[in-house]
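Structural overview for review
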Amino acid sequence: MADLMVLAWQTDMTRVVTFQMGHEMSGRAYPELGFGDSHHSVTHHHGDPEKIAKTTQINTFHTKMLGYYLDKLRSTPDGEGSLLDHAMILYGGALSDGNLHLYVNLPLVLIAGGVAGIKGGQHIRYPNRTPMTNLLLTMLDKANVPPIERLGDSTGRLPLPSAYA
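Being a predicted model, the structure only gives us computed values, none of them experimental.

Attention shifts here to the environment of Phe61. Tracing the sequence through the fold places Phe61 in helix α3 (residues 49-74). As a C-alpha pair, Phe61 and Tyr30 span 31 residues in sequence and 9.6 Å in three-dimensional space. For Phe61, the residues in contact, after removing those within four places along its chain, are Arg28, Tyr30, Glu32 and Leu33.

For the rest of this paragraph, the subject is the environment of His44. Structurally, His44 is set in the loop between α2 (39-43) and α3. Distance from His44 to Asp97, taken between C-alpha atoms, is 9.1 Å for residues 53 residues apart in sequence. Once you skip the residues sitting within four places of it in the chain, His44 turns out to touch Lys51, Gly98, Asn99 and His101. There is a polar contact of 3.3 Å between the side chain of His44 and the side chain of His101.

Look at Asp12: it is not a glycine, yet its phi comes out positive at around 60°. Tracing the chain through its elements places Asp12 in the loop between α1 (2-10) and β1 (29-30).

According to the stated counting rule, one finds eight salt bridges in the structure shown. As a salt-bridge pair, Lys72 and Asp3 come within 3.6 Å of each other at their nearest N and O atoms. Of this pair, Lys72 sits in helix α3 while Asp3 sits in helix α1, placing them 69 residues apart in sequence. Look at Asp3 and you get partly exposed, because its relative accessible area is 41%.

Moving on, we come to the nonpolar core. Of all hydrophobic cores here, the largest spans 13 residues; its most connected members are Tyr69, Leu70, Leu73 and Ile89. Mapped by element, the contributors of at least two residues to this core are α1 and α3. Look past the residues within four positions of Ile89 in its chain and what remains in contact with it is Leu66, Tyr69, Leu70, Leu73, Leu84, Val109, Leu110 and Ile111.

We now examine α3. Spanning 26 residues, α3 covers 37 Å between terminal C-alpha atoms, matching the ideal 38 Å at 1.5 Å per step. Along α3, the positions that sit buried rather than exposed are Lys54, Thr55, Ile58, His62, Leu66, Tyr69, Leu70 and Leu73. Among the structural elements, α1, β1, β2 (35-38), α2, β3 (89-92) and β4 (108-111) are those in contact with the buried residues of α3.

The rules we used
- Residues numbered from 1 in each chain as written.
- Predicted model: local features only at pLDDT ≥ 70, side-chain atom pairs only at ≥ 80, totals over all residues.
- Heavy atoms only, no water.
- Helix = DSSP H or I, 4+ residues; strand = E, 2+ residues; numbered from the N terminus.
- Contact = heavy atoms within 4.5 Å.
- Polar contact = N/O pair within 3.5 Å; in protein donor to acceptor, adjacent residues only side chain to side chain.
- Salt bridge = Lys/Arg side-chain N within 4 Å of Asp/Glu carboxyl O.
- Buried < 20%, exposed > 50% of the residue type's maximum accessible area, 1.4 Å probe, protein only.
- Core = buried A, V, L, I, M, F, W, Y, C linked by side-chain atoms within 4.5 Å.
- Expected span 1.5 Å × (residues − 1).

Written out as structure tokens, the structure reads:
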């Protein structure tokens, strides 16, 4: 799927891609990691170290898949740079803690490749309960989408560090 997404961008068939590796209730097993448990079942670990380790293995596997995709974007020319140089990619999960079903303080990564002057290489922690839709509004602005006032439960836009400051 990563190769197909890169090809779609490379051929300018689209400049917007949404991809979900697996939804929260998926029963998909991970035999390539040496076990048949689903992601969903091991996130309900109740403190069991074995299940926590399996969750970590699955998250690491997903992150390596993201790395593959980013490498493909980085190595694909696009104008005066690469596809990655002209991309904004949001990666993360719908829950911060699957065991407790916490949907606040989501672990998200925004990879911006320098697009729209977003400064990278930083860890930013926003105030507790900041809606993720605030980030989505900011990303729409950075993509030069005509401004909209609200998106879902948004309360405003998130300030992102500027590469030009």
